[in-house]
Amino acid sequence: MTDAVKECLAILDQAIKFEETGMAFFEERAEASASPLERNLFKSLAKDELGHKQYLLKIRDEMLEENDLEAMTLAEGAHSSERQVFESAMTTAQDPYDFQSEQLEIIKGAMEVERNGYTMYTKAVASVQSQRAKDIFQALAREEQHHYSLLKNTYDYMADPEGWHGFDESPMLDGG
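All of the points below concern the structure found in this document. Computed from a predicted structure; not experimentally measured.

## Some thoughts on helix 2 (residues 36-66)
In this model helix 2 runs 45 Å from its N-terminal to its C-terminal C-alpha over 31 residues, within 8% of the 45 Å that 1.5 Å per residue would give. Asn67 lies just past helix 2 and shows a positive phi near 55°.

Shown next as structure tokens:
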């Protein structure tokens, strides 16, 4: 086994553990959520983390079978957009003011989890030599950024429902 394969296996093992931890975190938050918005959001994120774990296991197995980094399949990237996930989570939210301040702290904690994932994957991109491995870890970093954006949007909405303008909205500064 080459040093490059060993390095990538170590990164993948760390990433699999990270995704398992993230999945458990989001599942626990979904169960404990007081608001439907948070519950739906955390369920969606837990499902994504499970998908990431399954993908990481698949590419690890491919790499081990062939003993070659080039054997790893690049991700399809078929996740929902932040807007779709947020709007789906919003379908059962009745009152935007119906939350407790602790919920904002939970979302901030979830944002930190995603930031840590992004950092882990971008460090992996910098450390590996294989372009295939770089592409895979860059795609995973984008997924973590996607989750962070979703959580940030939710945080902004819950913190200031009246001032929130949502995705792709442009506030009018002239009052009309």
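## Focus: the packing of helix 1 (residues 3-32) against helix 2
Closest axis-to-axis distance for the helix 1/helix 2 pair is 8 Å, and the angle between their directions is 160°. When the interaxial angle is binned, helix 1 and helix 2 end up roughly antiparallel. Where helix 1 crosses over helix 2, the two elements pack in a sense that is left-handed. Looking at the contact of helix 1 with helix 2, its residues break down into 18 nonpolar, two polar and 10 charged.

## Quick look at the pattern of salt bridges
Proximity of charged atoms lets side chains of opposite charge pair with each other. Considering all chains together, one arrives at nine salt bridges under this definition. Across the salt bridge formed by Lys58 and Glu62, the nearest N and O atoms sit 3.4 Å from each other. Of the two residues, Lys58 and Glu62 both sit in helix 2, four residues apart, roughly one turn of that helix. A relative accessible area of 40% places Lys58 in the partly exposed class. Its relative accessible area of 18% is what places Glu62 among the buried residues. Taking the shortest distance from any N to any O, the salt bridge between Asp156 and Lys152 comes out at 2.8 Å. Linking Asp156 with Lys152, this pair stays in helix 5 (residues 131-159), spanning four residues, or about one helical turn. Since its relative accessible area comes to 30%, Asp156 is described here as partly exposed. A residue is classified by how much of its surface remains accessible, and Lys152, at 33% relative accessible area, is partly exposed. Shared partners join several salt bridges into a network, and the residues in it are Asp13, Arg60 and Asp61.

## A short note on the side chain of Ser130
With respect to the secondary-structure elements, Ser130 resides in the loop between helix 4 (101-127) and helix 5. There is a polar contact of 3.4 Å between the side chain of Ser130 and the side chain of Glu70. Within the structure, Ser130 has its side chain in polar contact with the backbone nitrogen of Ala133 (distance 3.2 Å). The contact partners of Ser130, leaving out residues within four places of it in the chain, are Leu69 and Glu70.

## Examining the environment of Met23
In this structure, Met23 sits in helix 1. C-alpha separation for the pair Met23 and Gly51, spaced 28 residues apart in sequence, amounts to 9.7 Å. The contact partners of Met23, leaving out residues within four places of it in the chain, are Ala46, Glu49 and Leu50.

## Description of the packing of aromatic side chains
Counted according to the given criterion, the structure contains three aromatic pairs. Between Tyr121 and Phe137 the ring centres are 6.4 Å apart and the planes differ by 20°, which places this aromatic pair in the stacked class. Within this pair, whereas Tyr121 is found in helix 4, its partner Phe137 is found in helix 5, the two being separated by 16 residues in sequence. Residue Tyr121 is classed as buried on the basis of its relative accessible area of 0%. On the basis of relative accessibility, which here comes to 1%, the residue Phe137 falls in the buried class. Through a chain of ring-to-ring contacts, three or more aromatic side chains come together here, namely Phe25, Phe26 and Phe42.

Definitions and cut-offs
Residues numbered from 1 in each chain as written. Predicted model: local features only at pLDDT ≥ 70, side-chain atom pairs only at ≥ 80, totals over all residues. Heavy atoms only, no water. Helix = DSSP H or I, 4+ residues; strand = E, 2+ residues; numbered from the N terminus. Expected span 1.5 Å × (residues − 1). Axes fitted to C-alpha atoms, helices over the stretch in contact; angles between N-to-C directions. Parallel < 35°, antiparallel > 145°, perpendicular 65-115°, else oblique. Left-handed = near helix turned anticlockwise from the far one by under 90°. Nonpolar A, V, L, I, M, F, W, Y, C, P; charged D, E, K, R; others polar. Salt bridge = Lys/Arg side-chain N within 4 Å of Asp/Glu carboxyl O. Buried < 20%, exposed > 50% of the residue type's maximum accessible area, 1.4 Å probe, protein only. Polar contact = N/O pair within 3.5 Å; in protein donor to acceptor, adjacent residues only side chain to side chain. Contact = heavy atoms within 4.5 Å. Phe/Tyr/Trp six-rings, centres within 6.5 Å; stacked < 30°, edge-to-face > 60°.

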